[in-house]
Amino acid sequence: PGPKSAPVFADGRLFAIGMTGIVTAYDANTGKQLWQKPGTKPVPLYTTHAFSPLVDRGLVIFHVGGDDAGALTAYDVNTGAEKWSWKGDGPGYGSPVVVDIEGTRQIITITQGKLVGVDASNGMLLWERPFVITNKTNSVTPVVHGRTVIVSGNGEPTRALAIAKRANQWVTDIVWENADIPLRMSDAVVVGDVLFGLANRNSGQYFAVDAATGKTLWTSEGRQAAHAAIARSGDLFLSLEDDGELLVARNSKTAFEPLHRYKVSDAATWGQPAYSGNRVLVKDVSTLSLWTLN
């Protein structure tokens, strides 16, 4: 069953990848297929292309392939022509991000066993560091905060890494580490200098951390959710929990401040909702529904 990857919308097009690695571009107005690349069923089927692609400056970037045989690949958004490919590791479950550091635009992603940065213009590897998890399901998307990248996964401590160039070599240094807020599958978000997320401790525990220092500002009571798809809206956090509840919470440095909870599904909700103004599109295992927040 699938797919597991949320598609990306950009400039009137939708870009998507299926369970067997088929990459497709669609016209978002008509649904017409614009171009497609064949996939290969991962062997073993530990990774099922759960990441979302990234669109950047005329390129759409997917990490195709399977176990130990992946290729972080950039395609032309208009034609599907391959522009570059880095074949250093298989894909992880988290999604790539893009950041400008010291004049170099970089694609940063967690693979099945590494954290890597590649040149966004040509796919050349700039730096890498080990990121090994026993079951290979690296599921957390890196968070960019200034010149630091915040990463975690599968119960590991959350760390902030400084990316810099010294003596013409790219290096990564640990700025802070916090073992009290391990992430597993839920991505965290930054608002200002506050990192907000759901740790997998105590059966799901919301937290706020100073993104510059790693100091824990507060943690909620446990048993909040097994998974949450978190987004920011102004000074609010929106968190769709896996049991079908949508939490609206205030960005606070002092305490967990939930404002409202809305029941938006009676089924499991693991997918990222789509927000448009005060409207929310929610996809559960069988239904797509539209909700309005008042």
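Notes on the structure in this doc start here.

### Quick word on the sheet that holds strand β7 (residues 69–76)
Piece 1. Spatial strand order, β5-β6-β7-β8: four strands in an open sheet with antiparallel pairing. Each having just a single partner strand, β5 (54–56) and β8 (82–86) make up the two edges of the open sheet. When the angles between neighbouring strand axes are averaged without regard to direction, this sheet yields 25 degrees.

### Observations regarding the side chain of Ser-52
Piece 1. Position of Ser-52 relative to the elements: it lies in the loop between β4 (33–37) and β5.
Piece 2. Of the residues examined, Ser-52 reaches a relative accessible area of 16% and is grouped as buried.
Piece 3. Only 2.8 Å separates the side chain of Ser-52 from the backbone oxygen of Ala-6, close enough to count as a polar contact.
Piece 4. Setting aside anything within four residues of it in sequence, one finds Ser-52 in contact with Ser-5, Ala-6, Val-8, Ser-95 and Pro-96.

### Observations regarding the sheet that holds strand β22 (residues 236–241)
Piece 1. Pairing is antiparallel in the open sheet, where four strands are placed in the order β21-β22-β23-β24. One side of each edge strand has no neighbouring strand; the edge strands of this open sheet are β21 (228–233) and β24 (257–263). Direction aside, neighbouring strands of the sheet carry axes that sit 20 degrees apart on average.
Piece 2. Relative to β24, strand β23 (residues 245–250) is paired through six bridges, and the arrangement is antiparallel. Along β24, the bridge assignment pairs Glu-245 with Lys-263.

Criteria and cut-off values
Residues numbered from 1 in each chain as written. Predicted model: local features only at pLDDT ≥ 70, side-chain atom pairs only at ≥ 80, totals over all residues. Heavy atoms only, no water. Pairing = 2+ DSSP bridges. Helix = DSSP H or I, 4+ residues; strand = E, 2+ residues; numbered from the N terminus. Axes fitted to C-alpha atoms, helices over the stretch in contact; angles between N-to-C directions. Buried < 20%, exposed > 50% of the residue type's maximum accessible area, 1.4 Å probe, protein only. Polar contact = N/O pair within 3.5 Å; in protein donor to acceptor, adjacent residues only side chain to side chain. Contact = heavy atoms within 4.5 Å.

These results come straight from atomic positions and should not be treated as a statement about function.
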